[in-house]
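# Structure at a glance
Take a look at the letters that make up each chain.
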Amino acid sequence: MQAKVCGLKTAEEVKTCVSNNANYCGFILNYEKSHRFINYQIAEKLTQINKQSSFYVGVLVSPSEEEFKKFSNLNLDYFQIYGDYSAEQLKEIKIKYKKKIIISLQIKQEQDILKYKIYEKVADIILFDSSGLHQSLSWNYNWIKQVPSFITKMLAGNINIDMLENLKKITDIVDVSGALETDKVKDLNKIKNFLKKIKQIND
């Protein structure tokens, strides 16, 4: 099981994730309502940090064409997209901006899981998230058991370190943010402990 640490805001946070083998580092690029939002200048600096074997992910909520264009200049491997896009649109974005795509599905009820079928041929990773955006809401993660194993599944929504043993059975990647914060600021010790636990589970 892999780990994505999302909502990084400082060089120290990014370096801690990279040096502790976080598979993905996420940056909130255009959603100013989130306390994890960073402006373009900060994003530019953070994505220049040597990522070693990590991947850098730009998180975008209903981005405009202008925003896609602007953020494609950053040193990102993936666009993680929230919003109402067709598979065809995502395919065009992927080709035009040369980024891999994580499509985010917001899950309120079990039938929302089935939206993966729209994107299974174009998305590199499908993220099954809560409907809370920057709020970490729980939902019934077991619903994703119906998603076929050939799809790379990422799971988000109030995930914490105590759930990891169980989640390994149902997802390829966990996406965590709030559980690694103290008073809405990333806690470097929590990041290290979380990534250490992932490593233990995988060994």
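We now turn to the structure provided with this report. On a predicted model such as this, the values are computed, not experimentally measured, just so you know. (Residues numbered from 1 in each chain as written. Predicted model: local features only at pLDDT ≥ 70, side-chain atom pairs only at ≥ 80, totals over all residues. Heavy atoms only, no water.)

## Observations regarding the packing of helix H1 (residues 11-19) against helix H7 (residues 188-202)
It is at 10 Å that the axes of H1 and H7 come closest, and there the two elements cross at 15 degrees. The angle between H1 and H7 falls in the class roughly parallel. Crossing of H1 over H7 shows right-handed handedness. Here Glu12, Glu13, Thr16 and Cys17 of H1 come into contact with H7, specifically with Leu188, Ile191, Lys192 and Leu195. Of the residues belonging to the contact of H1 with H7, the class tally is four nonpolar, one polar and three charged. (Axes fitted to C-alpha atoms, helices over the stretch in contact; angles between N-to-C directions. Helix = DSSP H or I, 4+ residues; strand = E, 2+ residues; numbered from the N terminus. Parallel < 35°, antiparallel > 145°, perpendicular 65-115°, else oblique. Left-handed = near helix turned anticlockwise from the far one by under 90°. Contact = heavy atoms within 4.5 Å. Nonpolar A, V, L, I, M, F, W, Y, C, P; charged D, E, K, R; others polar.)

## Thoughts on the pattern of salt bridges
Applying the stated rule across the entire model yields nine salt bridges. A salt bridge links Glu181 to Arg36; the nearest nitrogen and oxygen atoms lie 2.7 Å apart. With a gap of 145 residues between them, Glu181 in strand E9 (residues 181-182) and Arg36 in the loop between strand E2 (24-28) and helix H2 (40-46) connect regions that are remote in the sequence. Taking the relative accessible area as the measure of exposure, Glu181 reaches 10% and is therefore buried. Residues Lys197 and Glu165 are paired through a salt bridge, measuring 3.8 Å at the closest nitrogen-oxygen approach. One end of the pair, Lys197, is in helix H7; the other, Glu165, is in helix H6 (residues 164-167), and 32 residues separate them in sequence. Taking the relative accessible area as the measure of exposure, Lys197 reaches 25% and is therefore partly exposed. Several salt bridges converge on common partners, so that one network encompasses Arg36, Glu181 and Lys186. (Salt bridge = Lys/Arg side-chain N within 4 Å of Asp/Glu carboxyl O. Buried < 20%, exposed > 50% of the residue type's maximum accessible area, 1.4 Å probe, protein only.)

## Comments concerning the packing of aromatic side chains
Counted under the stated rule, the structure contains 10 aromatic pairs. Grouped by ring-pair contacts, the aromatic residues Phe68, Phe79, Tyr85 and Tyr97 constitute a single cluster. (Phe/Tyr/Trp six-rings, centres within 6.5 Å; stacked < 30°, edge-to-face > 60°.)

## Some words on the sheet that holds E2
Spatially, the eight strands close up into a barrel ordered E1-E2-E3-E4-E5-E6-E7-E8, and their pairing is parallel. Within the sheet, the average angular offset between the axes of one strand and its neighbour, ignoring direction, is 25 degrees. Bridging between strand E3 (residues 55-61) and strand E4 (residues 78-82) involves five bridges; their strand directions are parallel. Considered in E4, the bridge of Gly58 is made with Phe79. The strands touched by helix H4 (residues 87-97) within the sheet are E4 and strand E5 (100-106), with E5 carrying the most contacts at an inclination of about 150 degrees. Helix-sheet contacts for H7 involve strand E1 (2-5) and strand E8 (173-176), and the interaxial angle to E1 is about 165 degrees. (Pairing = 2+ DSSP bridges.)

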